[in-house]
Every structure is written in structure tokens, then in C-alpha cells.
Amino acid sequence: MTVTVLPTGVSPADVHAVARSTERVTLAPSTLDAMATSRDIVDRIERDGRPVYGVSTGFGALANTFIEPARRAELQHALIRSHAAGVGAPMPREVVRAMMLLRVRSLALGRSGVRPLVAQALVDLLNHDITPWVPEHGSLGASGDLAPLAHCALVLLGEGWVLDKSGSRLDGGEALHRAGLRPIELSSKEGLALINGTDGMLGMLLLAIEDAGHLFTMADVTAALAIEAMLGTDRPFLPELHAIRPHPGQAVSAANIHRLLQDSGVMDSHRNDMVHAVQDAYSMRCAPQVAGAARDTLGFATSVADRELASVVDNPVVLPDGRVESTGNFHGAPLGFAADFLAIAAAEVGAIAERRVDRLLDVCRSRDLPAFLTPDPGVNSGLMIAQYTAAGIVAENRRLASPASVDSVPTSGMQEDHVSMGWAAAVKLRRVLDNLTSLLAVELLAGVRGLQLRAPLTPSPAGRLAIAAVERFAGAPGPDVFLAPVLEQARATVTGRDLREAIERELGPLL
């Protein structure tokens, strides 16, 4: 596919396609017209000699410093060089590509006063698969993601660094030369327009939203496997019990788990057993309440991201009536709050999964499963240390769930005296979701092991499909094996779509 950037912007699906699938990008003719119109307004301001922030003045605390016309192009180049001041490891390619597309989107809305060639230069980087080297540290989410975007913009000038396919650093000018591209010369306002936006944090939030949506569904799958393996009951997941507490995410999660537990010989084996526990533990019975609340949090984050995706985020902005006005729309608070909230929710989805794993491994609570899910405990440790790993990850996620967005540090001579930390919130959200993947991988492996050890009882259709998927790389219960590669394969099974799609072909769509 080709993603066409319109004057109305792009969709989340467009961002995912360009960030993760290297789809081509093109600017619609109407987009070029919108940018040209706003540029005419900036050119008139230049001719009139009016003082306008970022056009004829310095930046930040230097906003009252007038810049002579002959030095305004120099000002824009100096801005990019000075603001490309990040440090640390490079951000992943998908984040940088999402960020560049979103900056193109912002310029395409026709409120930034840049020439079309500036947006086209970013498009050329995307289409030639040139990924600027953007260090992890540098953005405070104030005036947007200044340093990360400056590292992208510097490559347009034939400077800076590029992340090559091997993960090493390449000179930006050399990368342009190899691709047959030439550096651009910036005019007034254009340097500022390239860096004054929330594109980095928005890009990370959009990617995280896609990942979280899949992981929350897989959390229902792994929860159902664990509940089935522990001889839990499916009664707490009946729809009438969730209709009386009408949180939408909770109802969806409960419906998923209930459906996943049907047609199970394991469940039928104890359905009418009077000795069976009247109530299961919270980690089993309350799975929909936790995962469902996370789904509702995801819905909130999605609405924030959708609004931001339709927003003009720049400073100053060029209005259709010819005014150029300063604005605070670059402040990342909405995105920082959403990322922090989603990180809290995802951390709890992982925490309750680890509690089910611990219960499965504990011979005192697992309802007759062997200790640590090994048929020969003592000589073999089974999944004992996999649970240690999960516990350590839960602890890290709790630290990461501490909100970044409350930690403002003033900068720029107190001109930027409250910052959002939205970039930091989005970075740690991605780490929490990666950790959640590992926690669900451990639960997937433990749930499957438990069902295997319930033989000859027949598991649910979802359980049979999960056993088939996991047996390909983990085999049947037996002597201890090198577990790290098994957990890596389990992670790939959680993040991939094959198991989920196989279950959905059997049971219908999971929400």
C-alpha cells in the first residue's frame, strides 16, 4: 500500500503501516496546496517586518531577541544543530519512522507555514528507508519532542547521524548521498516547524495502543488456560454477572474467558464435585475485572491519541485569516497522562498473571498438580525459576508504573517552567508492554504444562490449540531443559497472531 498524507492528516493504521511495514508515503496535491497557502502568509510577515516568534525572533527564553532578516535562515539551521542534543542508545526504527510520518502529518495540515519541499524531504527519508539516529534521552515533552525531532531534521540538512541496517551509526550526509538525495536549505520558521511537536510521544503511544490491544486479548487466553489447568470454575464469567456491573471492558474480558473454557473435559470433570471450591482465588475469579479495567484504560488512551492525531501541534501556528499566534498546543500532558495510565493498567494485567503462575506451581494450591509442573519434582525444578523471572518482571513493572507525567523539571531560563515528561512516559510504557509479553509467555507455558499434566482429561478447544502450539518448541512434560529458548519461543507465540487466529477460527473472534 501507499500512505497518502492529506490536509486532514493520517490514520492510526497509516502510522502502523509506515512504522512497521515500511509502506511508501506520498503527499496529496491538496496537501501541497495547503502548505503553500500557509507559507504565503509567513512570506508576507517577512516582507512586512513584523516581530513574530520563531520567524523574526529567537526561541524559548530568547523570544524577545529580534533577528535581522539576513540571518533568519541561519537561525533555523542553528536551531536544529543546537537542539539535536540527545544522548543514549538509539530509539527503535519503528518509533523514528512513526515520528517522521507524524511530523509530515502536522506540516500537511497547513498551519505551520513551511514550504512543501520540507515535508517532501521527510517523505524522501521514509521512502528511502533512511532512519535518523535519535537518542533515547533529550525530550521533556515541552514544546513537544524538541531534541528527538531535531535529530531527524538534522539529517535533512545533510548532517547528524543515521541508524544503518546493522544498528551502527552512519553520517547523515553520507546516507543522503547513497540514496541520491540532496540536503535542503531551511527558510524562516521551517526549523522550528520541524521540531515543535508531540510526534515522538504520539508515535510511541499509537504503537503501544496496537500492542496493548493484542496483549490484553492474549491475557484472556492465558488466564483461561491457567484457570482450566487449576480446575477452576467458569461460573464467575457468566454474562449476567457482568451485566450488573456494566464496565464494558470487564464484560468483554469475561465473555472471552467464558467462551475459551467451554467444551472442556477438564472443566466437566469437576463441575458437579461438591468438594470443589465454592470460590476460586481472586487471581482466577477477578481476571475480567483487572483485564477489563485495562481494556477501558486502553479505550481512554485511544481516544486521546485519536484527538491528538487530528490536532495542529506547532508553535506559532499560522491561521487562515493571516494571523500567526503563539500557542501551548505542543505541551504533551494529554499524551503523558494517557501513557502513564496505560502503563499502570498493563502492569496490573501482568501482576495478576504472575499470581496465577505462582498458584499453578504451588503443590499446596494447584489442586493435585505436581510441584512446579514437573512430573519428577526434586531432581527436576520444572518452571520454578520461570516464576522467579516473572516475579522480578512484576517488580520492575511496578517501578515503571510510577507516573512520569508528575515529574516536571523547569528549563529554558524558566520560560518552559512546566514540562510534561510525555516522552519518558511513552518510553516506559513500551518497556511495560514488553515486560507484559514476557509475563504472559510464562503463563502460557505454565497453563499448557498444567493441562498436559491433567491427561487423560481432554482440555477445551482453546487448550488443545495452545498445547499444540507450545509443544512444537517445549515438548511434553519431562526432564528439565534449557528454559530460556523455550521462553523466547513462548514470547513469540504471545506477540504473534498464529495461536490467536487458530483459536478464533475455532471459537469465533475474541475481542
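Residues numbered from 1 in each chain as written. Predicted model: local features only at pLDDT ≥ 70, side-chain atom pairs only at ≥ 80, totals over all residues. Heavy atoms only, no water.

A.B. asks: Outline the pattern of salt bridges, supporting the account with residue identities and numerical values.
C.D. replies: Scanning all chains against the criterion turns up 31 salt bridges. Arg-271 is the partner of Asp-268 in a salt bridge, and the nearest nitrogen-oxygen pair spans 3.2 Å. Assessed through its relative accessible area of 48%, Asp-268 is described here as partly exposed. Across the salt bridge formed by Arg-323 and Asp-321, the nearest N and O atoms sit 2.8 Å from each other. On the accessibility criterion, Asp-321 (52% relative accessible area) is exposed. Taken together, the shared-partner salt bridges connect Arg-20, Glu-94, Glu-210, Asp-211 and Arg-430 into one network. (Salt bridge = Lys/Arg side-chain N within 4 Å of Asp/Glu carboxyl O. Buried < 20%, exposed > 50% of the residue type's maximum accessible area, 1.4 Å probe, protein only.)

A.B. asks: Give a description of the packing of aromatic side chains that names residues and reports values.
C.D. replies: Aromatic ring pairs are described here by two measures, namely the spacing of the ring centres and the angle between the planes. Tallied over the full model, the rule gives two aromatic pairs. Consider the rings of Trp-133 and Trp-161, whose centres lie 6.4 Å apart with planes at 85°: the pair is edge-to-face. Residue Trp-133 is located in the loop between strand E4 (131–132) and strand E5 (135–137), and its partner Trp-161 is located in strand E6 (residues 161–163); the two are separated by 28 residues in the primary sequence. We classify Trp-161 as partly exposed; its relative accessible area is 37%. Pairing Phe-300 with Phe-341 gives two aromatic rings, centres 5.9 Å apart and planes at 55°, and the pair type is tilted. (Phe/Tyr/Trp six-rings, centres within 6.5 Å; stacked < 30°, edge-to-face > 60°. Helix = DSSP H or I, 4+ residues; strand = E, 2+ residues; numbered from the N terminus.)

A.B. asks: I'd like a description of a nonpolar patch on the surface, backed by residues and values.
C.D. replies: Where nonpolar side chains cluster on the molecular surface, the patch consists of Phe-300, Phe-341 and Ile-344 and spans about 250 Å² of accessible area. Inspection of the secondary structure puts Ile-344 in helix H15 (residues 333–361). (Patch = residues over 30% accessible without salt bridge, like charges linked within 9 Å, V, L, I, M, F, W, Y side chains within 5 Å. Areas by Shrake-Rupley, 256 points an atom, 1.4 Å probe, with all protein chains shown as cover.)

A.B. asks: Describe unusual backbone geometry, and please don't skip the residues or the numbers.
C.D. replies: Omega for the peptide link from Asn-315 to Pro-316 comes to -5°, which places this bond in the cis form. Note that Pro-316 resides in the loop between helix H14 (287–309) and strand E8 (317–318). Between Ala-455 and the following residue, Pro-456, the backbone shows a cis peptide bond with an omega angle of 15°. Positionally, Pro-456 belongs in the loop between helix H17 (422–453) and helix H18 (461–474). Backbone geometry places Asp-129, a non-glycine residue, at a positive phi of 55°.

A.B. asks: Before we move on, could you go through the sheet that holds strand E7 (residues 169–171) and cite the residues and values that matter?
C.D. replies: Ordered in space as E4-E6-E7, the three strands form an open sheet in which the pairing is antiparallel. At either end of the open sheet lies a strand with only one pairing partner, and these are E4 and E7. Of the pairings in the sheet, the one linking E6 to E7 comprises three bridges and is antiparallel in character. Across the sheet, residue Leu-163 finds its bridge partner in E7, namely Arg-169. (Pairing = 2+ DSSP bridges.)

A.B. asks: Would you mind going over the nonpolar core in detail, with residue names and values included?
C.D. replies: Soluble globular proteins tend to bury their nonpolar side chains together. By size, the foremost hydrophobic cluster in this structure holds 149 residues, and its most contacted members are Leu-107, Leu-194, Ile-195, Phe-216 and Leu-360. The element best represented in this core is helix H9 (residues 199–229), accounting for 20 residues. Listed in part, the seven residues of the second largest apolar core include Val-42, Val-52, Val-55 and Val-324. (Core = buried A, V, L, I, M, F, W, Y, C linked by side-chain atoms within 4.5 Å.)

A.B. asks: Could you give an account of helix H11 (residues 248–260), with specific residues and numbers?
C.D. replies: Because each turn of an α-helix spans 3.6 residues, side chains separated by three or four positions end up pointing in the same direction. Taking 1.5 Å of rise per residue, the 13 residues of H11 would be expected to cover 18 Å, and the 19 Å separating its terminal C-alpha atoms lies within 8% of that figure. Listing the buried residues of H11 in full gives Gly-249, Gln-250, Ser-253, Ala-254, Asn-256, Ile-257, His-258 and Leu-260. Looking at the buried residues of H11, the elements they touch are H9, helix H10 (239–243), H14, H18 and helix H20 (498–507). (Expected span 1.5 Å × (residues − 1). Contact = heavy atoms within 4.5 Å.)

A.B. asks: Go over the side chain of Ser-143 with me, naming the residues and quoting the values.
C.D. replies: Its place among the elements puts Ser-143 in the loop between E5 and helix H6 (146–156). If near-sequence neighbours (up to four positions away) are discounted, Ser-143 is found in contact with Ile-195, Asn-196, Gly-197, Phe-330 and Glu-416.

A.B. asks: Mind laying out the environment of Glu-504, listing which residues take part and the relevant values?
C.D. replies: Positionally, Glu-504 belongs in helix H20. For the pair Glu-504 and Met-218, spaced 286 residues apart in the sequence, the C-alpha separation amounts to 12 Å. Those residues in contact with Glu-504 that sit more than four places away from it in its chain are Pro-509 and Leu-510.

A.B. asks: Summarise the side chain of Ser-420; cite the residues concerned and give the values.
C.D. replies: Among the structural elements, Ser-420 can be located in the loop between helix H16 (384–400) and H17. Judged by relative accessible area, which is 2%, Ser-420 ranks as buried. A distance of 2.7 Å separates a polar atom in the side chain of Ser-420 from the backbone oxygen of Gly-141. At 3.0 Å, the side chain of Ser-420 forms a polar contact with the backbone nitrogen of Gly-422. (Polar contact = N/O pair within 3.5 Å; in protein donor to acceptor, adjacent residues only side chain to side chain.)

A.B. asks: Explain helix H19 (residues 483–495) to me, and be specific about the residues and the numbers.
C.D. replies: Between its first and last C-alpha atoms H19 spans 19 Å; for 13 residues at 1.5 Å apiece the expected length is 18 Å, and the two agree. All of the buried residues in H19 are Leu-483, Val-486, Leu-487, Ala-490, Thr-493 and Val-494. The buried residues of H19 occupy an angular sector of 110° when projected down its axis, which confines them to one face. Against the buried residues of H19 lie H9, H16, H17, H18 and H20. (Arc of directions from axis to C-beta.)

Any functional reading would require information beyond the geometric quantities listed.
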